[in-house]
Amino acid sequence: MTREEFINELAKLDIKLTIAQENKLEQFYNLLIEWNEKINLTRITIKEEVYLKHFYDSLTLSKVVNLNKINTLCDVGTGAGFPGIVLKIVYPNLNVTLIDSLRKRVDYLNEIIKKLELDNIKA
């Protein structure tokens, strides 16, 4: 899924990204690839596949939950930050807690939170 296809498919979910959100998702992709070389986060690394299988799939939660009307979200077993970080980027109203069993992934998540300058999210 190209970036343009991603934007078009999100429109079908009634999601319109700002330029800042698009840029944060792109930055998240780049950080994911960088960190994936150090620790095994995902086998999906081709950009079009990440946009489809990680970013878009994370946002399909909006089909069943109005994420504009809730305040808190807990992502248990977040791994590389899916869906929690993607949801936080697109729904900044959420207070997000990311939970993972491995310290190295929690360290990665904290670095992502810092680099993306995300507020009201913790790992």
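Keep in mind that this is a model prediction, so the values were computed, not measured.

Definitions and cut-offs
- Residues numbered from 1 in each chain as written.
- Predicted model: local features only at pLDDT ≥ 70, side-chain atom pairs only at ≥ 80, totals over all residues.
- Heavy atoms only, no water.
- Salt bridge = Lys/Arg side-chain N within 4 Å of Asp/Glu carboxyl O.
- Helix = DSSP H or I, 4+ residues; strand = E, 2+ residues; numbered from the N terminus.
- Buried < 20%, exposed > 50% of the residue type's maximum accessible area, 1.4 Å probe, protein only.
- Axes fitted to C-alpha atoms, helices over the stretch in contact; angles between N-to-C directions.
- Parallel < 35°, antiparallel > 145°, perpendicular 65-115°, else oblique.
- Left-handed = near helix turned anticlockwise from the far one by under 90°.
- Contact = heavy atoms within 4.5 Å.
- Nonpolar A, V, L, I, M, F, W, Y, C, P; charged D, E, K, R; others polar.
- Core = buried A, V, L, I, M, F, W, Y, C linked by side-chain atoms within 4.5 Å.
- Expected span 1.5 Å × (residues − 1).
- Arc of directions from axis to C-beta.
- Right-handed = clockwise from strand over helix to strand, strands pointing away.

**Quick word on the pattern of salt bridges**
For side chains of opposite charge, pairing can occur when their charged atoms come near one another. Considering all chains together, one arrives at nine salt bridges under this definition. As a salt-bridge pair, Lys 12 and Glu 9 come within 2.9 Å of each other at their nearest N and O atoms. Highlighted residues: Lys 12 and Glu 9, both in helix H1 (residues 3–12), separated by three residues, approximately one helical turn. A relative accessible area of 24% means that Glu 9 is categorised as partly exposed. Ionic pairing is found between Lys 115 and Glu 111, a salt bridge with its closest N-O pair at 3.8 Å. Within this pair, Lys 115 and its partner Glu 111 are both found in helix H5 (residues 103–115), separated by four residues, close to a single helical turn.

**Some points on the packing of H1 against helix H3 (residues 47–59)**
The contact between H1 and H3 brings their axes to 11 Å, and the two run at 20 degrees. Looking at the two axes, H1 sits roughly parallel to H3. Where H1 crosses over H3, the two elements pack in a sense that is right-handed. Note on element contacts: H3 touches H1 through Tyr 51, Phe 55, Tyr 56 and Leu 59, opposite Arg 3, Phe 6, Glu 9 and Leu 10. Here the residues of the contact of H1 with H3 sort into six nonpolar, no polar and two charged.

**As for the nonpolar core**
Core analysis: the largest hydrophobic core is formed by 40 residues, its most contacted members being Phe 6, Phe 28, Phe 55, Leu 59, Ile 85 and Tyr 108. Every element with two or more residues in this core is listed here: H1, helix H2 (19–36), H3, helix H4 (84–90), strand S2 (95–99) and H5. In terms of residue count, H2 provides more of this core than any other element does, six residues in total. If we ignore the near neighbours within four places in the chain, the residues touching Tyr 108 are Phe 28, Leu 32, Trp 35, Ile 39, Leu 41, Gly 79 and Ala 80.

**Overview of H5**
Between its terminal C-alpha atoms H5 stretches 18 Å, which fits the 18 Å expected from 13 residues at 1.5 Å a residue. Burial in H5 covers these residues: Arg 105, Val 106, Tyr 108, Leu 109, Ile 112 and Ile 113. Relative to the axis of H5, the buried residues are bounded by an arc of 160 degrees and lie together on one face. Exposed and oriented more than 90 degrees from the buried face of H5 are Arg 103 and Lys 114. Those residues of H5 that are buried lie in contact with H2, H4, S2 and strand S3 (121–122).

**Thoughts on the pairing of strand S1 (residues 72–76)**
Taking every second residue as pointing to the same face, the buried face of S1 carries Leu 73 and Asp 75, while none of Thr 72, Cys 74 and Val 76 on the other face is buried. For the crossover from S1 across H4 to S2, the handedness is right-handed.

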